[in-house]
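Listed below are the residues making up each chain.
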Amino acid sequence: MSFFGKMFGGKKEQAPSTGEAIQKLRETENMLIKKQEFLESKIEEELNIARKNASKNKRVALQALKKKKRLEKQLQQIDGTLSTIEMQREALESANTNTAVLTTMKNAADALKAAHQNMDVDKVHDMMDDIAEQQDVAREISEAISNPVAFGADIDDEDLERELDELEQENFDKEIIGIPEPAATLPEVPADELPEKAKEKKKATNPSNATAAAATGGDDMDDPAMKELLSWAE
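Here the structure is a predicted model, which means the values were calculated and not measured.

J.: Mind showing me how you'd approach a nonpolar patch on the surface here?
T.: A cluster of nonpolar residues, Met119, Val124, Met127, Met128 and Ile131, forms a patch on the protein surface that exposes about 450 Å² of accessible area. In this structure, valine 124 sits in helix H4 (residues 121-146).

J.: Looking at this structure, I do not really get the UniProt feature "coiled-coil region" (unreviewed entry) in the chain. What am I missing?
T.: In the numbering used here, UniProt assigns the "coiled-coil region" (unreviewed entry) feature to residues 61-88 and 150-177. Helix makes up 100% of residues 61-88 and strand 0%, and the two end C-alpha atoms of the span are 41 Å apart.

J.: So what exactly am I meant to see when it comes to the pattern of salt bridges here?
T.: Pairs can form between side chains of opposite charge once their charged atoms are near each other. Evaluation of the coordinates by the stated rule reveals eight salt bridges. Glutamate 93 is paired through a salt bridge with arginine 26; the nearest N and O atoms lie 2.7 Å apart. Linking glutamate 93 in helix H3 (residues 58-115) with arginine 26 in helix H2 (residues 18-52), this pair joins segments that are 67 residues apart in sequence. The residue aspartate 110 makes a salt bridge to lysine 106 at a minimum N-O spacing of 3.1 Å. Of this pair, aspartate 110 and lysine 106 both sit in helix H3, four residues apart, which is roughly one turn of that helix. For lysine 106, a relative accessible area of 53% gives the class exposed. Counted as one network, the salt bridges with shared partners bring together Arg26, Glu29, Arg89 and Glu93.

The rules behind these values
- Residues numbered from 1 in each chain as written.
- Predicted model: local features only at pLDDT ≥ 70, side-chain atom pairs only at ≥ 80, totals over all residues.
- Heavy atoms only, no water.
- Patch = residues over 30% accessible without salt bridge, like charges linked within 9 Å, V, L, I, M, F, W, Y side chains within 5 Å.
- Areas by Shrake-Rupley, 256 points an atom, 1.4 Å probe, with all protein chains shown as cover.
- Salt bridge = Lys/Arg side-chain N within 4 Å of Asp/Glu carboxyl O.
- Helix = DSSP H or I, 4+ residues; strand = E, 2+ residues; numbered from the N terminus.
- UniProt positions renumbered as here; feature names shortened; annotations may be inferred.
- Buried < 20%, exposed > 50% of the residue type's maximum accessible area, 1.4 Å probe, protein only.

Here's what the structure looks like:
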């Protein structure tokens, strides 16, 4: 089959993968870079020949310049080809990356679909409702267990509050109103005898007074003169 037959007709060959195409483009790019370096060295060589023969042999110098021009044209073409290959390689690399990303995302989607295959949204909602209901039941059971039903259920809180108020009022009355009055204290009995008692006792123990009283029979004690005499004698 001719070249044009391969290009425009005939059996189509299977397209290479993106990885294979990228590898081929890199190989071609490396080849063109080496060709580019060779042409640059040849251009520099022809330029040196032209310089050496510029004054000695103009024909050789002109031939060298013409060859340099052809080499520069080839170098220019290679530069354009390299730019095209580089853009194509970057496009293929981007496509390869996108393909890998899409493949990974598709695998993840298939795995997620498989994971949800045996799940039903309605069943999930029902299960969550059952869980919430059981949690409510558990909370009610805990509250019922912690409630002291059998201990002190017959005690009225209002009665307790009333009794507490009475106790507080009683304490207030004792502290403020019911302060006991201090007991009255009697004066102490003097240890010494009173002056009148001491005088009477002295009279009773005086022998002269006793003799005079006996001689007069005790009647003269009431006489004022006798009292004055006794007072002087004392």
